[in-house]
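Coordinate analysis (summary)
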Amino acid sequence: MSELLKTPYGRTTTAAEVTDGVDLAGRRAVVTGAGSGLGIETARALAAAGAEVTLAVRRPGAGQRIAAELRSGTGNDAIHVARLDLADLDSVHAFAHGWRGPLHILVGNAGIMALPELQRGTGGQEQQFATNYLGHFALALGLHDALARAGSARVVSVSSSGHLFSPVVFDDLAFRFRPYDPLAAYGQSKTAQVLFAVEADRRWAADGIRVNALHPGAIATNLQKHTGGLKTPEPYRKTVEQGAATSVFLAASPLADGVGGRYFEDVAEAPVVTERPAGFGVPGVAAYALDPDNAARLWAVATDLLR
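Residues numbered from 1 in each chain as written. Predicted model: local features only at pLDDT ≥ 70, side-chain atom pairs only at ≥ 80, totals over all residues. Heavy atoms only, no water.

**Description of the pattern of salt bridges**
Opposite charge on two side chains permits them to pair, given that their charged atoms come into close proximity. Evaluated as defined, the whole model comprises 11 salt bridges. Residue Asp257 is joined to Arg154 by a salt bridge in which the shortest nitrogen-to-oxygen separation is 2.3 Å. Here Asp257 is found in the loop between helix H9 (245-252) and strand S9 (263-265), whereas its partner Arg154 is found in strand S5 (residues 153-158), with 103 residues between them in sequence. The residue Glu269 makes a salt bridge to Arg262 at a minimum N-O spacing of 2.9 Å. Overall, Glu269 belongs to the buried group, its relative accessible area being 8%. What you see here is one network of salt bridges that share partners, running through Glu41, Arg44 and Glu69. (Salt bridge = Lys/Arg side-chain N within 4 Å of Asp/Glu carboxyl O. Helix = DSSP H or I, 4+ residues; strand = E, 2+ residues; numbered from the N terminus. Buried < 20%, exposed > 50% of the residue type's maximum accessible area, 1.4 Å probe, protein only.)

Dropping the structure here:
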């Protein structure tokens, strides 16, 4: 295991601080879920640093209003809006097939959390797994050639410390046997997003594409609409500007050059843990989420599901 990557940043660092002095002129970025919360702040920071940014959103009308605000606030007119519904593979394929030219940054930020009742999506899979993981997996596969054309590209998989709630249960991905549990299903989807980073980086690093995953922190957004709001105590919460910092670091910072297949939180690489940390604010990524055999197995399973 390589030494953990440390940075001069920390839990309270903002996305704007991460991009201070970073020039992204000439680079093109896509941010999924850029219609609210962390997605907007991630897009804002990338655009402020000079990137051409596409907001990939389910509701383009609302996205256009956000894009107008970002253009005004950043002085960057190269902010576009495109429809993307990760729960709909036809929408994912249309987005990928419609992309023209290179893509330097792909931030998989969109997600759903803790659906109270079992719902099924792509291929009959549990909806959180289908949306958070399979939708992003299909999107990245569809955009692979555009990322490779960039020569030096980064893919950012926004996971969560929620991955500590569950590994990927290969024998019952779709909750056909075990009782449905909203947080276990969410945790499985978030573990899958880390495993995607591990295997995608192994496969694609030679193409100039580096892939990492992260936990943004505890931020009050509409992600918690099914949980009754954010439960994390106030001292451990982040603002959206702080929450977007780790995504933006992995997308844009020169300190992350050549880094891939890793998991970050608080703008630094997280230590591997073999049991769930006690208490709030203790960093750690589960060993099962970085296991290369798990990552390769999930890639094969997901490929079959998309067929």
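After presenting the structure, the write-up continues.
**Topic: the sheet that holds strand S3 (residues 79-83)**
As summarised here, the arrangement of the eight strands in space is S3-S2-S1-S4-S5-S6-S9-S10, forming an open sheet in which the pairing is mixed. The two strands at the open ends of the sheet, each matched to only one other strand, are S3 and strand S10 (268-269). The strands touched by helix H7 (residues 182-204) within the sheet are strand S4 (105-108), S5, strand S6 (209-215) and S9, with S6 carrying the most contacts at an inclination of about 160°. Here H9 sits on the sheet and contacts S4, S5, S6 and S9; the angle it forms with S5, its principal contact strand, is near 160°. (Pairing = 2+ DSSP bridges. Contact = heavy atoms within 4.5 Å. Axes fitted to C-alpha atoms, helices over the stretch in contact; angles between N-to-C directions.)

**Remarks on the side chain of Glu199**
Considering the arrangement of structural elements, one finds Glu199 in helix H7. In this structure Glu199 comes out as buried when scored by relative accessible area, which is 1%. Of note is the side chain of Glu199, whose polar atom sits 2.7 Å from the side chain of Arg202. Setting aside residues up to four positions removed in sequence, Glu199 forms contacts with Pro292, Ala295, Ala296 and Trp299. (Polar contact = N/O pair within 3.5 Å; in protein donor to acceptor, adjacent residues only side chain to side chain.)

**Quick notes on the packing of helix H2 (residues 37-48) against helix H3 (residues 60-74)**
Between H2 and H3, whose axes approach to 10 Å, the crossing angle comes to 40°. The angle between H2 and H3 falls in the class oblique. The chirality of how H2 crosses H3 is right-handed. Residues Ile40, Ala43, Arg44, Ala47 and Ala48 of H2 pack against Ile66, Glu69, Leu70 and Thr74 of H3. Partitioning the contact of H2 with H3 into residue classes produces six nonpolar, one polar and two charged. (Parallel < 35°, antiparallel > 145°, perpendicular 65-115°, else oblique. Left-handed = near helix turned anticlockwise from the far one by under 90°. Nonpolar A, V, L, I, M, F, W, Y, C, P; charged D, E, K, R; others polar.)

**Let's talk about the packing of helix H5 (residues 127-142) against H7**
Following both chains from N to C, one finds H5 and H7 inclined at 15°, their axes separated by 7 Å at the closest point. By the criterion of interaxial angle, the relationship of H5 to H7 is roughly parallel. You can see that H5 and H7 cross each other, and the crossing is right-handed. Residues Gln128, Phe129, Asn132, Tyr133, His136, Phe137, Ala140 and Leu141 of H5 form the contact with H7, whose participating residues are Pro182, Ala185, Tyr186, Gln188, Ser189, Lys190, Ala192, Gln193, Phe196 and Trp204.

**Concerning the packing of aromatic side chains**
Applying the stated criterion across every chain yields a total of 11 aromatic pairs. When the centroid spacing of 6.3 Å and the interplanar angle of 80° are considered together, the rings of Phe196 and Trp204 count as edge-to-face. The burial state of Phe196 is the same as that of Trp204; both residues are buried. Measuring from ring centre to ring centre gives 5.6 Å for Trp204 and Trp299, while their planes differ by 85°; the resulting arrangement is edge-to-face. Taken together, the residues Trp204 in helix H7 and Trp299 in helix H11 (residues 292-306) connect sequence positions 95 residues apart. You'll find Trp204 and Trp299 in the same group, each marked buried. (Phe/Tyr/Trp six-rings, centres within 6.5 Å; stacked < 30°, edge-to-face > 60°.)

**Some thoughts on the environment of Gly35**
With respect to the element layout, Gly35 can be found in the loop between strand S1 (28-32) and H2. Taking the relative accessible area as the measure of exposure, Gly35 reaches 39% and is therefore partly exposed. Distance from Gly35 to Leu24, taken between C-alpha atoms, is 22 Å for residues 11 residues apart in sequence. Apart from residues no more than four positions distant in its own chain, Gly35 is found in contact with Ile40, Val57 and Ile66.

**Some remarks on the side chain of Thr131**
By the element assignment, Thr131 lies in helix H5. For Thr131, a relative accessible area of 9% translates into the label buried. A distance of 2.8 Å separates the side chain of Thr131 from the side chain of Gln127, its partner in a polar contact. Once residues within four sequence positions are removed from consideration, Thr131 is found in contact with Leu86, Ala87, Ile112 and His136.

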